[in-house]
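Residues per chain are reported as follows:
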Amino acid sequence: EAGVTQFPSHSVIEKGQTVTLRCDPISGHDNLYWYRRVMGKEIKFLLHFVKESKQDESGMPNNRFLAERTGGTYSTLKVQPAELEDSGVYFCASSHSKTQYFGPGTRLLVL
Amino acid sequence: GNSVTQMEGPVTLSEEAFLTINCTYTATGYPSLFWYVQYPGEGLQLLLKATKADDKGSNKGFEATYRKETTSFHLEKGSVQVSDSAVYFCALVGPGANNLFFGTGTRLTVIP
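Below or above, wherever it landed, is the structure these notes cover. (Residues numbered from 1 in each chain as written. Chains lettered and ligands numbered in written order. Predicted model: local features only at pLDDT ≥ 70, side-chain atom pairs only at ≥ 80, totals over all residues. Heavy atoms only, no water.)

1. Describing the sheet that holds strand 3 (residues 19–24) of chain A
Residue and element names in this part refer to chain A. Test applied: Here a strand pair is declared whenever DSSP counts at least two bridges between the two strands. The helix count covers DSSP runs of H or I at least four residues long, the strand count covers runs of E at least two residues long, and both are numbered beginning at the N terminus. Here, axes are lines fitted to C-alpha atoms. For helices the fit covers the stretch in contact, and angles between N-to-C directions go from 0 to 180 degrees.
Pairing is antiparallel across the open sheet formed by four strands, whose spatial order is 1-3-8-7. Each of the sheet's edge strands pairs with one partner strand only, and the pair in question is strand 1 (5–7) and strand 7 (65–68). Taken pair by pair, the neighbouring strands of this sheet meet at an average axis angle of 15 degrees, ignoring direction. In this sheet, strand 8 (residues 75–79) lies alongside strand 7 in antiparallel orientation, the contact comprising four bridges. Counterpart to A67 in the pairing with strand 8 is L77.

Next up, the structure:
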């Protein structure tokens, strides 16, 4: 069974540019989560999808971040425009119960 | 609210040494508790979990016991190996909730 995959693995962009991260969950998992780890701090929750609906987006830092999950399959997280403080590792996870399975993360660097 | 406090790293041990990484939590009710591990160059992997008080999670020689009275979930291993070098994250999910709350992570380096 394929695990959670994320693309790209790394992204380096300039401040003000747009970046879109993609997450493909484990097949059959209705729950999809985005998390972020900024500069060695704790991993923080961003939002939670159940199928295509946003169940909880309380962790989204501001309106420069837009997450979608069209059709309830893969999800994208777009940052527009990117700021320096958005640098970090963005993790995606999926689950069908309490246990969440994580992808390898996308390392984003905003210069 | 929910939070996890984890032992500060980094931790450096010799092979076959005993490992303890402390983790305490704050939560309303009875959360589910997890240890995740991130090996170099890889993503987060679930190491073990416990969903109720006094449960012991175990995997790959690692153990952690859910202690409600001390609100702790310390990770232990009797004899570490070089291949255990990684970053370890303690985490919880609150009752009735879905999102994970993580500690800051503890980097473990095991030297031969």
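2. Focus: the state of the cysteines
Between two cysteines, a covalent bond joining their sulfur atoms is known as a disulfide. All names here are of chain A. Threshold: Cysteine sulfurs are considered disulfide-paired once they come within 2.5 Å of each other.
Enumeration according to the criterion identifies two disulfides over all chains in this entry. Residue C23 pairs covalently with C92 via a disulfide, S to S 1.8 Å. Linking C23 and C92, the disulfide has an S-S dihedral of approximately -65 degrees and is accordingly described as left-handed. Placement of the pair is C23 in strand 3 and C92 in strand 9 (residues 88–95), with a sequence separation of 69 residues.

3. Topic: unusual backbone geometry
What counts here: Exposure categories follow from relative accessible area, calculated using a 1.4 Å probe and restricted to protein chains: below 20% of the type maximum is buried, above 50% is exposed, and the middle band is partly exposed.
Following Q80 of chain A, the chain continues into P81 of chain A via a peptide bond in cis, with omega recorded as -10 degrees. You can see P81 of chain A is positioned in the loop between strand 8 and strand 9. Residue P10 of chain B is bonded to the preceding G9 of chain B through a cis peptide linkage, with omega at -10 degrees. Assignment of secondary structure puts P10 of chain B in the loop between strand 1 (3–6) and strand 2 (11–14). Even without a glycine there, the phi angle at K51 of chain A is positive, about 55 degrees. Summarising the element assignment, K51 of chain A is placed in the loop between strand 5 (43–50) and strand 6 (53–56). Judged by its relative accessible area of 43%, K51 of chain A falls in the partly exposed class. One non-glycine residue, K60 of chain B, adopts positive backbone phi at about 55 degrees. Relative to the elements of secondary structure, K60 of chain B occurs in the loop between strand 7 (56–59) and strand 8 (62–65).

4. A closer look at the pattern of salt bridges
Any two side chains of opposite charge can pair if their charged atoms end up close together. Quick note on the threshold: Any Lys or Arg side-chain nitrogen found within 4 Å of a carboxyl oxygen on Asp or Glu counts as a salt bridge.
Under the counting rule described, the total for this entry stands at 10 salt bridges over all chains. Taking the shortest distance from any N to any O, the salt bridge between K56 of chain B and E63 of chain B comes out at 3.6 Å. A relative accessible area of 51% places K56 of chain B in the exposed class. Salt bridges here are not isolated pairs; linked through shared partners, they connect R36, R64, E85 and D86 of chain A.

The analysis is restricted to geometry; functional conclusions fall outside its scope.
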